[in-house]
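Each chain, written out:
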Amino acid sequence: MRKIHDQVLLSATDLIGHINCGHLTNLDIQVINGTLAKPSRWDPLLEILRERGFRHEQAFIDYLRSSGLDVIAIEGVDNAGASVKETLDAMKAGREIIVQGSLRSGRWAGRADILRRVSTPSVFGGWSYEVTDTKLARETKGGTVLQLCLYSEMLAAMQQHQPDFAHVVAPWTKFVPHSYRMADFAAYFRKAKAAVERVTEGQPGRDTYPEPNDHCDVCRWSDSCDKRKREFPRTFCC
Ligand code: SF4
């Protein structure tokens, strides 16, 4: 989540964070409004997972290259105008594989692990692109599907064609992707996206409480939430 010229820009992390915990979104709103400091958390286990995720993605890219596909990588990690333009230029040129494609649409931005050319027509000509994400989990989670829906929607705006499918490549699958039909998740995605857009639109941040949930284990706010729960335990009245 970032604020530029009074507009709150959102990413897949914000979408996934919000479906797991409204308190997390509230804390992030306070950070971009300058009323709360950004948390710094170093978790060795998360670092190991991040490193494994990076190695898995690299192995998939190496596999694509060794299969003879034409691969271009978009440098950097941002979604500034230059990286979006570079991605659009690669799509217009019909490159087969675009690594770390920079996607933007409205208030949303993100980097897709892989954009892969398919033979469905779009504004570029007789081809368009679909999103592939590399994930460490054997089972695809709800958050991953939402991320695929978000990237596919931003991609649709850029290529003026809605991708039919998005794909996940998990480890130990010989890089055979698992494909998901985006239309099957459209209603769920629209609802989740509208919810996070609503609460981040000009809101000063609501008064929420850190309710424990599955996301706490990987959340950067866990230390401050634990502290608040210790100092102000939830009290229930009858
Ligand atoms: S640590 Fe848990 S309760 Fe706190 S913001 Fe994160 S997900 Fe929400």
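This text follows the structure it describes.
What comes next concerns the included structure.

Parameters and conventions
Residues numbered from 1 in each chain as written. Predicted model: local features only at pLDDT ≥ 70, side-chain atom pairs only at ≥ 80, totals over all residues. Heavy atoms only, no water. Helix = DSSP H or I, 4+ residues; strand = E, 2+ residues; numbered from the N terminus. Rg over C-alpha atoms; globule rule 2.2 N^0.38 Å. Buried < 20%, exposed > 50% of the residue type's maximum accessible area, 1.4 Å probe, protein only. Contact = heavy atoms within 4.5 Å. Areas by Shrake-Rupley, 256 points an atom, 1.4 Å probe, with all protein chains shown as cover. Lys, Arg positive; Asp, Glu negative; His and termini not counted. Charge placed at Lys NZ, Arg CZ, Asp CG, Glu CD. Pairing = 2+ DSSP bridges. Right-handed = clockwise from strand over helix to strand, strands pointing away. Expected span 1.5 Å × (residues − 1). Polar contact = N/O pair within 3.5 Å; in protein donor to acceptor, adjacent residues only side chain to side chain. Near = heavy atom within 4 Å. Nonpolar A, V, L, I, M, F, W, Y, C, P; charged D, E, K, R; others polar. Axes fitted to C-alpha atoms, helices over the stretch in contact; angles between N-to-C directions. Phe/Tyr/Trp six-rings, centres within 6.5 Å; stacked < 30°, edge-to-face > 60°. Salt bridge = Lys/Arg side-chain N within 4 Å of Asp/Glu carboxyl O.

**Some thoughts on the overall build of the protein**
Then, number 1: For the protein, the helix and strand inventory stands at seven helices and eight strands.
Then, number 2: The C-alpha atoms of the protein give 19 Å as radius of gyration, which agrees with the globular expectation for 238 residues (18 Å, within 12%).
Then, number 3: Overall size of the protein, expressed as C-alpha extent along the three principal axes, is 65 × 40 × 35 Å.
Then, number 4: Every one of the 238 residues in the protein was classed for burial, and the buried ones make up 42%.
Then, number 5: A fraction of 64% describes how many contacts in the protein between residues 6 or more apart in sequence connect residues 24 or more apart.
Then, number 6: Carbon together with sulfur atoms contributes 54% to the accessible area of the protein, which is approximately 13,300 Å² in total.
Then, number 7: Positive and negative side-chain charges in the protein, numbering 32 and 30 respectively, have mean positions lying 1 Å apart.

**Re the pairing of strand 4 (residues 97-105)**
Then, number 1: Of all nine residues in strand 4, seven are buried, a share of seventy percent or more.
Then, number 2: Bridge count between strand 3 (residues 71-73) and strand 4: three bridges; the pairing is parallel. By the bridge assignment, Val71 is partnered in strand 4 with Ile97.
Then, number 3: A crossover connection joins strand 3 to the parallel strand 4 through helix 4 (residues 81-92); in handedness this β-α-β unit is right-handed.

**Some remarks on helix 3 (residues 44-66)**
Then, number 1: For helix 3, which comprises 23 residues, the first-to-last C-alpha distance of 33 Å matches the rise-based estimate of 33 Å (1.5 Å per residue) to within 8%.
Then, number 2: Within the span of helix 3, buried status applies to Leu46, His56, Glu57, Phe60, Ile61 and Leu64.
Then, number 3: On its buried face, helix 3 is in contact with strand 3, strand 4, strand 5 (108-118), strand 6 (128-134) and strand 7 (165-169).
Then, number 4: If you check the start of helix 3, you find a side-chain oxygen 2.9 Å away from the backbone N of Leu45, and it comes from Asp43.
Then, number 5: Gly68 occupies a position one or two residues after helix 3 and carries a positive phi of about 90 degrees.

**A closer look at the environment of Gly106**
Then, number 1: Checked against the element boundaries, Gly106 lands in the loop between strand 4 and strand 5.
Then, number 2: Placed 51 residues apart in sequence, Gly106 and Ala157 show a C-alpha to C-alpha distance of 9.4 Å.

**Describing the site of the ligand**
Then, number 1: Near the ligand, the surroundings consist of Cys21, His23, Leu24, Pro210, Glu211, Asn213, Cys216, Cys219, Trp221, Ser222 and Cys225.
Then, number 2: Secondary structure elements with two or more residues in the shell around the ligand: helix 2 (22-32) and helix 7 (222-231).
Then, number 3: The residue makeup of the shell around the ligand, split by class, is seven nonpolar, three polar and one charged.

**Observations regarding the sheet that holds strand 4**
Strand pairing in a sheet relies on backbone hydrogen bonds. The paired strands run either parallel or antiparallel.
Then, number 1: The sheet built from six strands is open, its strands ordered 3-4-5-6-7-8 with mixed pairing. Two strands close off the open sheet at either side, each with one partner strand: strand 3 and strand 8 (178-181). Pairwise comparison of adjacent strand axes, ignoring direction, gives a mean angle of 45 degrees for this sheet.
Then, number 2: Strand direction decides the pairing type here: strand 4 and strand 5, joined by eight bridges, are antiparallel. When the bridges of strand 5 are listed, Val99 appears paired with Ile114.
Then, number 3: Here helix 3 sits on the sheet in contact with strand 3, strand 4, strand 5, strand 6 and strand 7, set at roughly 30 degrees to strand 5.

**Description of the packing of aromatic side chains**
Then, number 1: Following the criterion strictly, the structure yields four aromatic pairs and no others.
Then, number 2: Each member of the aromatic cluster is reached from another via a ring pair, and the members are Phe60, Tyr63 and Phe175.

**What about the pattern of salt bridges?**
Then, number 1: Scanning the model with the defined rule gives 13 salt bridges in all.
Then, number 2: With a shortest N-O distance of 2.9 Å, Arg95 and Asp70 are connected by a salt bridge. You can see Arg95 sitting in the loop between helix 4 and strand 4 and its partner Asp70 sitting in the loop between helix 3 and strand 3, a full 25 residues away along the chain.
Then, number 3: On the basis of relative accessible area, Arg95 is assigned to the partly exposed category, the value being 25%.
Then, number 4: Under the relative-accessibility criterion, Asp70 is labelled partly exposed at 30%.
Then, number 5: A salt bridge links Lys135 to Asp133, with the shortest nitrogen-to-oxygen separation between them at 2.9 Å.

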